[in-house]
Amino acid sequence: SIAKFVNEFNIGKEPKKGNGAYSNEGFDFVKAFQKAFFASNKDQNTEESREMAVDFIQKASELTRYLQSGKAKRGFLELHDAMMKALGEVTESVWRNFGHIDWHRLKPFSIAYFVEHMETLITPSWKRRAHAFAPTVSANEVKELHKALYLTNLAYLDTVEEIKQGLKQESSEWELIYAQLKNAPGEPAHYIALRKEPLLHSMVRQDSLDVLLVIRGTKDFSDVLSDGLLDAVEFRGGLGHAGLVQSGKFIVDHHIDLLHSLLKMAKKEKIKLTLLGHSLGAGAAAIAAIIFNEDQKAIDANVIGFGCPALLSEELSKAATPYITTIISDADMIPRLSGPTLINAVFDVMSYDWIEKGLTDLRSGLEFIRTNMPFDIPVEHVESVYKYIKQFLDDNIKIEIEEMAKATREDVVLMPPGNCIHFYRDGVSVTGKKISCEFFDSLEISRTMLDDHLVGIGYNRMLLDYMRHHLEDYQFVFDQNIV
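Residues numbered from 1 in each chain as written. Predicted model: local features only at pLDDT ≥ 70, side-chain atom pairs only at ≥ 80, totals over all residues. Heavy atoms only, no water.

When you look at the overall build of the protein chain in this model, what are you seeing that I'm missing?
Helix and strand counts for the protein chain stand at 17 helices and twelve strands. Counting over 483 residues, the protein chain shows a buried share of 50%. Summed over its atoms, the accessible surface of the protein chain is roughly 23900 Å², and 54% of this surface lies on carbon and sulfur atoms. (Helix = DSSP H or I, 4+ residues; strand = E, 2+ residues; numbered from the N terminus. Buried < 20%, exposed > 50% of the residue type's maximum accessible area, 1.4 Å probe, protein only. Areas by Shrake-Rupley, 256 points an atom, 1.4 Å probe, with all protein chains shown as cover.)

What exactly am I supposed to notice about the nonpolar core here?
Most often, soluble globular proteins have nonpolar side chains that are buried together. Grouped together as the largest cluster of nonpolar side chains are 47 residues, with contacts concentrated most on Val211, Phe235, Leu262, Leu273, Leu275 and Phe292. Contributions of two or more residues to this core are made by strand 1 (174–180), strand 2 (190–195), strand 3 (208–215), helix 11 (242–266), strand 6 (270–278), helix 12 (280–295) and strand 7 (299–306). It is helix 11 that provides the largest number of residues to this core, a total of twelve residues. Those residues in contact with Phe292 that sit more than four places away from it in its chain are Val252, Ile256, Leu259, Leu273, Ile299 and Ala301. In this structure, Leu145, Tyr191, Val455 and Leu464 belong to the second largest nonpolar core, which totals 35 residues. (Core = buried A, V, L, I, M, F, W, Y, C linked by side-chain atoms within 4.5 Å. Contact = heavy atoms within 4.5 Å.)

Got a minute to help me understand the pairing of strand 7 in this structure?
Two faces belong to every sheet, and in a regular strand the side chains alternate between them. Pairing geometry for strand 6 and strand 7, over eight bridges, is parallel. Within the sheet, the bridge partner assigned to Leu275 lies in strand 7 and is Val303. For the crossover that starts at strand 6, traverses helix 12 and ends in the parallel strand 7, the hand is right-handed. (Pairing = 2+ DSSP bridges. Right-handed = clockwise from strand over helix to strand, strands pointing away.)

In this structure, what is going on with the packing of aromatic side chains? I would like to understand it.
Scanning all chains against the criterion turns up eight aromatic pairs. Between Tyr113 and Trp354, the ring centres sit 5.8 Å apart and the planes meet at 10°, which makes this aromatic pair stacked. With Tyr113 in helix 5 (residues 108–121) and Trp354 in the loop between helix 14 (339–350) and helix 15 (355–372), the pair connects residues that are 241 residues apart, well separated along the chain. On the accessibility criterion, Trp354 (7% relative accessible area) is buried. Where Phe476 meets Phe478, the ring centres are 5.1 Å apart and the plane angle is 80°; that geometry is what we call edge-to-face. Residue Phe476 is classed as buried on the basis of its relative accessible area, which comes to 13%. By the ring-pair criterion, three or more aromatic residues cluster together here, those being Phe109, Tyr113 and Trp354. Sitting over the face of the ring of Tyr386, Arg363 holds its NZ or CZ atom 3.9 Å from the ring centroid. (Phe/Tyr/Trp six-rings, centres within 6.5 Å; stacked < 30°, edge-to-face > 60°. Lys NZ or Arg CZ within 6 Å of the ring centre and 35° of its normal.)

Could you clarify how one ought to interpret the environment of Leu154 in this entry?
By the element assignment, Leu154 lies in helix 7 (residues 139–154). On a C-alpha basis, the gap between Leu154 and Ile215 in space is 9.6 Å, while along the polypeptide they are 61 residues apart.

Would you take a moment to explain the pattern of salt bridges for this structure?
Side chains that differ in charge, positive against negative, can pair when their charged atoms come close. Scanning all chains against the criterion turns up 24 salt bridges. Its salt-bridge partner being Glu141, residue Lys434 comes within 2.9 Å of it at the nearest N-O pair. Here the residue Lys434 occupies a position in strand 12 (residues 430–435), and Glu141 occupies one in helix 7, the gap between them amounting to 293 residues. Lys434 gets classed as partly exposed once you look at its relative accessible area, which sits at 33%. For Glu141, a relative accessible area of 30% corresponds to the partly exposed category. In this structure, Asp394 engages Lys390 in a salt bridge whose closest nitrogen and oxygen atoms are separated by 3.0 Å. Taken together, the residues Asp394 and Lys390, both in helix 16 (residues 379–405) and four residues apart, mark about one turn of the helix. (Salt bridge = Lys/Arg side-chain N within 4 Å of Asp/Glu carboxyl O.)

I tried to follow the state of the cysteines on my own but got confused; where do I start?
Simply put, the disulfide is a covalent bond whose two ends are the sulfur atoms of two cysteines. All chains considered together, the criterion is met by one disulfide. Bridging Cys420 to Cys437, the disulfide has an S-S length of 2.1 Å. Taking the torsion about the S-S bond as the criterion, the Cys420 to Cys437 disulfide, at about 105°, is right-handed. Of this pair, Cys420 sits in strand 11 (residues 419–425) while Cys437 sits in the loop between strand 12 and helix 17 (455–471), placing them 17 residues apart in sequence. Taking the relative accessible area as the measure of exposure, Cys437 reaches 4% and is therefore buried. (Disulfide = S-S within 2.5 Å.)

What's the story with the sheet that holds strand 11 in this structure? I'm lost.
Read across the sheet, eight strands follow the order 1-2-3-6-7-9-11-12 without closing on themselves; strand pairing throughout is mixed. The open sheet has two edge strands, strand 1 and strand 12, and neither has a second partner. Neighbour-to-neighbour, the strand axes of the sheet open up by a mean angle of 20°, direction not taken into account. Each of strand 1, strand 2, strand 3, strand 6, strand 7, strand 9 (324–329), strand 11 and strand 12 is contacted by helix 7, which is oriented at about 90° to strand 7, the strand it contacts most. Packed on one face of the sheet, helix 8 (residues 160–169) meets strand 1 and strand 2 and runs near 160° to strand 1. (Axes fitted to C-alpha atoms, helices over the stretch in contact; angles between N-to-C directions.)

Which parts of the structure should I look at to understand helix 14?
With twelve residues, helix 14 ought to run about 16 Å at 1.5 Å a step, and its terminal C-alpha atoms sit 17 Å apart, in line with that. The element helix 14 is largely enclosed, with a buried count of ten among its twelve residues. For helix 14, every residue scored as buried is listed here: Gly339, Pro340, Thr341, Ile343, Asn344, Ala345, Val346, Phe347, Val349 and Met350. (Expected span 1.5 Å × (residues − 1).)

I'm lost on the packing of helix 7 against helix 8 in this one. Help?
When two helices pack together, their arrangement is given by the angle between the helix axes and by the axis-to-axis distance. One can describe the packing of helix 7 onto helix 8 by two numbers: an axis separation of 9 Å at closest approach and a directional angle of 165°. When the interaxial angle is binned, helix 7 and helix 8 end up roughly antiparallel. As for the relative orientation of helix 7 and helix 8, their crossing is right-handed in sense. For the pair helix 7 and helix 8, contact is made by Tyr150, Leu151 and Leu154 and by Ile163, Gly166, Leu167 and Gln169, respectively. Taken together, the residues of the contact of helix 7 with helix 8 sort by class into five nonpolar, two polar and no charged. (Parallel < 35°, antiparallel > 145°, perpendicular 65-115°, else oblique. Left-handed = near helix turned anticlockwise from the far one by under 90°. Nonpolar A, V, L, I, M, F, W, Y, C, P; charged D, E, K, R; others polar.)

As structure tokens, this is what we get:
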């Protein structure tokens, strides 16, 4: 088998220019693996066994560098062309989805009043009732989710060394073997690690190898371009978010050779692949897991995604429940965000009659000005201004509101994937419930809809508040520190 591997990947042969073949260092590489894989007659708890496990990870890192070095590197002009192409595609997508909207009818005042209106409807009491019959998440499950969130957040770090240090702080369970920090439209940044502690025991006594693949969420303009492709495109017999389908396929194409090579060298039947991600990363991870599970019998992929965008059509989302879990923080807008939900939200804001509330605030504002100015303003002048503005609103804005109330709402096609766990403010603290992903078919317009999407003040805070209330220990902290 070792000889077959050498022949297949040209290890130990003189590399030909431009073909990405490996150097003579490959002979030492193979010998190290041979020593590790055929030493099953030795005591697995010996120092030698631990050294071989460390050696395995080191050589796996070398293999990763070998395989990636054979891939073509893109120059500045090629990257520039890719960015411009993606920008053009996003522009076309925006016009297709939102070009028919008369944006002049979206008044700044109406947004503020609509948020107030929604906060009177989607109350903590309403949320408790909507989740009343959904299973509750256990404290142990939340602890595991927080570990996953910690590993997910490491993908946002700026250097490989920072990721390595972050993995060491997480009880040294995982060892980094690859990190791609540079990204492009449809090509998200990510890192790969192997489970270190039980590695050698797994090689001898189990039939699988544990691999971790963490995909970064939106961090710069290239990622925004991937997010911006909101069109629903055909994917695996259903529909998927165009930009994230492209990103997920990139992850598969980029690493399928590496995963199969690791599998051959480890002499295992399967790879247990854990994919993690936040936002864009969660969507790309879900798409990649679907492809891996459907096309690669030797790869068993599972996903935990935080704040995954509306990604799949209903049938695909339900089909992925055995291996995809999506975590949603209260009013987080991203899992609810698609072309139709955004259009419907805009129409809802435009059609909300805020005039009476606006006139009430106008009268209060005029009275404040009249009583606080250093000179006297006649009451009749204040009343004249009030009547003028009221007449303008009745003659112009009122008509627009009535027209928008008749506008046809869009059918929602995409939803978050797999099993959804919703952590929400229940009026006292935070509750976590396992609920159908169909629940997130419209935007929850609130003041926390952006903050709830962030890792630190959104997901980390939700999990922490849940644990403190559940345990009745308000000094509780997780083992992993997310900043």
